[in-house]
Amino acid sequence: MGLKLIDGTYTLQENGLPAENDEEEELLQNAQLRLAVVQGSFPYGRHIGSRLDRLDKEGEHAKEQAISLANEALLDLPGVQAEQAAILSGGTIRFTLATPYGTKRVLVTP
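In what follows, the accompanying structure is described. None of these values were measured; they are calculated from a predicted model.

## Some points on the overall build of the chain
The secondary structure content of the chain amounts to two helices and five strands. Reading the chain from its N end, one meets helices and strands in the order β-β-α-α-β-β-β. By the compact-globule yardstick of 13 Å for 110 residues, the chain fits well, its C-alpha radius of gyration being 14 Å. Within the chain, buried positions represent 36% of all 110 residues.

## Digging into the pattern of salt bridges
Summed over all chains, the structure comprises four salt bridges. Glu 25 is the salt-bridge partner of Lys 4, the closest N and O atoms lying 3.2 Å from each other. Highlighted residues: Lys 4 in the segment before β1 (5-6) and Glu 25 in helix α1 (residues 23-36), separated in sequence by 21 residues. Taking relative accessible area as the criterion, Glu 25 reaches 32% and is therefore assigned partly exposed. In this structure, Arg 51 engages Glu 72 in a salt bridge whose closest nitrogen and oxygen atoms are separated by 2.7 Å. Taken together, the residues span a long stretch of sequence, with Arg 51 in the loop between α1 and α2 (62-73) and Glu 72 in helix α2 at a distance of 21 residues. On the accessibility criterion, Arg 51 (28% relative accessible area) is partly exposed. Note on Glu 72: relative accessible area 33%, which makes it partly exposed.

## What to know about α2
With 12 residues, α2 extends 16 Å between its outermost C-alpha atoms, agreeing within 8% with the 16 Å of an ideal straight helix rising 1.5 Å per residue. Where α2 is concerned, the buried positions are Ala 62, Ala 66, Ile 67, Leu 69, Ala 70, Asn 71 and Ala 73. Looking at the buried positions of α2, the neighbouring elements they touch are α1, β3 (81-87) and β4 (93-99).

The rules we used
- Residues numbered from 1 in each chain as written.
- Predicted model: local features only at pLDDT ≥ 70, side-chain atom pairs only at ≥ 80, totals over all residues.
- Heavy atoms only, no water.
- Helix = DSSP H or I, 4+ residues; strand = E, 2+ residues; numbered from the N terminus.
- Rg over C-alpha atoms; globule rule 2.2 N^0.38 Å.
- Buried < 20%, exposed > 50% of the residue type's maximum accessible area, 1.4 Å probe, protein only.
- Salt bridge = Lys/Arg side-chain N within 4 Å of Asp/Glu carboxyl O.
- Expected span 1.5 Å × (residues − 1).
- Contact = heavy atoms within 4.5 Å.

In C-alpha cells, the structure reads:
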C-alpha cells in the first residue's frame, strides 16, 4: 500500500513513521489524485490526470461534463466511476464515486 496523504502532506503514525493506506483509502487517494492533477503534467505519465481544468463551471451542462471528464480520468482504476458532481463555491467539485467499497465522496479543486 502507498503512504497516506492528507492535503498533500504525509501523515505520520504515533511512532513518527509514515502511515500507510488500507486498500480502500489507497483507491480513493488514487482517484482523487487522478482527478486533481492536470492531464499531461507528469513528464513520464502524460496520460495520468484529468482535463477538469478545461471545464466551464458556469456552463449549462457543467455537472454532466464534469462527470464525463472524471470518468475519462478514472478509466484505469477498475471499479471506480463518477456518478454525481456538485460544483461548490471556489471552484471545488464534489464527486460521488461508485467503488468496490460502496459509494464514496471526494473533493477536487482542479
